[in-house]
Amino acid sequence: MPRVVGLPFHVQAFLAAGLTVPADKRSGFWQRQPAPNALPVAETPPNDLVFVHVPYNFGQTISRVAAFGHGQSARDAYTSVHSNLSTVSSRRAFLEANVQPGGRVWGPVHPELLEISAVTGCNIDLTPPKYWPRELAARYFGDQQVFGMLRDPFERLVAQFRGPILPGKQFIESCDVNAAVRAMLEEYKRDPFALNCQLVPQAEWFDAPYPISVVGDVRRFPASVNEIFAAHNSSMLIRRDDISHVRLCTEVWAGDMDCETRALVREVYARDFALLCNHFGYCDMDETCCIQGVPTMCPRYLEARRQTAYHCPDRLSNGTLLHPAGQQAAGTKSTGAS
């Protein structure tokens with residue numbers, strides 16, 4: 001491709017590699033365009049959305065498929081970006097050569113977002129955008145609709161324990177999710193940005209200046225995100241075998257948290273519960289759920305486990321608080337009565 005006078009060298013490199021760089025720099029993600037004689041691309045991500053990665057909400061899966069497609073080669077490419085490339089320039093060079101035609105560079109694949117935030121000390125892609133450098137945020141989001149996922153806080157903490165992330169890791173051998181969640185929340189209270197921002201409430205990704213406006217329901221993943229793609233004229237699909245998910249302690253779930261632990265979760269993640277109610281009508285803060293569309297995310301014999309889950313009705317149906325946050329509620333394990 002001939003050199004275009006006046007364009008920065010890195011922009012010329014993107015163009016030479018088939019990566020679209022909008023002239024007004026309105027977006028910080030890239031889209032690689034197929035060459036004129038290229039074979040048709042079977043699946044292409046939406047071109048009017050930009051994805052933001054909320055930790056432990058399947059952001060790695062979504063970003064990997066958007067950039068690299070399906071299969072082991074896509075997993076290998078994603079691993080290379082994270083594990084084998086230590087500089088922004090090396091990541092850029094790799095992406096120029098390996099992003100699939102029509103692919104998008106989002107979240108944990110974006111070379112600049114793997115740097116460390118001066119505000120939080122976390123990777124930028126795991127940091128709520130309100131803490132990002134202003135110029136970087138403007139480049140990345142531009143005027144696109146911000147797309148992100150929202151997950152039940154109880155169920156998300158179970159996944160984080162099963163991940164595992166410290167300090168819950170010490171409880172893996174016994175699969176004591178209740179003790180692990182308490183330890184994780186105590187760590188959050190000591191430092192909200194601890195553990196690479198993975199315990200930060202999801203609500204912070206809904207704050208200005210770049211709030212999530214297109215919301216995917218993790219409870220119905222991957223169907224919910226595929227519905228969003230279809231609504232935005234995209235042929236991209238997340239398949240079951242694309243999904244990266246936790247595998248340890250497969251029989252633990254949110255129903256194993258006792259009432260004291262559940263009260264702590266409600267205290268820390270009150271805004272997350274409000275968002276679930278507002279966006280999806282999940283307004284019962286005592287509900288125990290799991291992701292039935294993803295392998296190993298629900299225990300075996302789910303209906304039987306529902307009968308023995310802790311039931312801690314801390315709020316009336318109108319939202320009135322019955323027990324102060326942090327105080328053990330009078331709930332007990334269900335005996336099967338409805």
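Everything here concerns the structure above.
Residues numbered from 1 in each chain as written. Predicted model: local features only at pLDDT ≥ 70, side-chain atom pairs only at ≥ 80, totals over all residues. Heavy atoms only, no water.

Draft legend 1. Fine view of the nonpolar core. Grouped together as the largest cluster of nonpolar side chains are 72 residues, with contacts concentrated most on Ile62, Phe147, Leu157, Phe161, Phe221, Ile238 and Val265. No other element matches the seven residues that helix α7 (residues 177-190) contributes to this core. Of all hydrophobic cores here, the second largest spans 13 residues; its members include Leu85, Phe94, Leu95 and Val105. (Core = buried A, V, L, I, M, F, W, Y, C linked by side-chain atoms within 4.5 Å. Buried < 20%, exposed > 50% of the residue type's maximum accessible area, 1.4 Å probe, protein only. Helix = DSSP H or I, 4+ residues; strand = E, 2+ residues; numbered from the N terminus.)

Draft legend 2. The arrangement of empty space enclosed by the protein in detail. Taken as a whole and assessed by the stated rule, the structure comprises three cavities of 30 Å³ or more. Roughly 60 Å³ of internal volume is contained in the largest cavity. Along its surface, the largest cavity is lined by Glu155, Val158, Ala159, Arg162, Val252, Trp253, Ala254, Cys289, Cys290 and Met297. Split by residue class, the lining of the largest cavity holds eight nonpolar, no polar and two charged. (1 Å grid on protein atoms, 1.4 Å probe; cavity = no way out; pocket = protein on both sides within 12 Å on 5 of 7 lines; lining within 4 Å. Points joined across faces, edges and corners; volume = space filled by probe spheres on them. Nonpolar A, V, L, I, M, F, W, Y, C, P; charged D, E, K, R; others polar.)

Draft legend 3. Structural context of the sheet that holds strand β5 (residues 214-217). One open sheet accounts for three strands, arranged β3-β4-β5; its pairing is parallel. Each edge of the open sheet carries a strand with a single partner, namely β3 (49-51) and β5. Averaged over all adjacent pairs, the angle separating strand axes in this sheet is 35°, with direction ignored. Strand direction decides the pairing type here: strand β4 (residues 145-150) and β5, joined by four bridges, are parallel. Bridging from a neighbouring strand, Phe147 pairs with Val214 of β5. (Pairing = 2+ DSSP bridges. Axes fitted to C-alpha atoms, helices over the stretch in contact; angles between N-to-C directions.)

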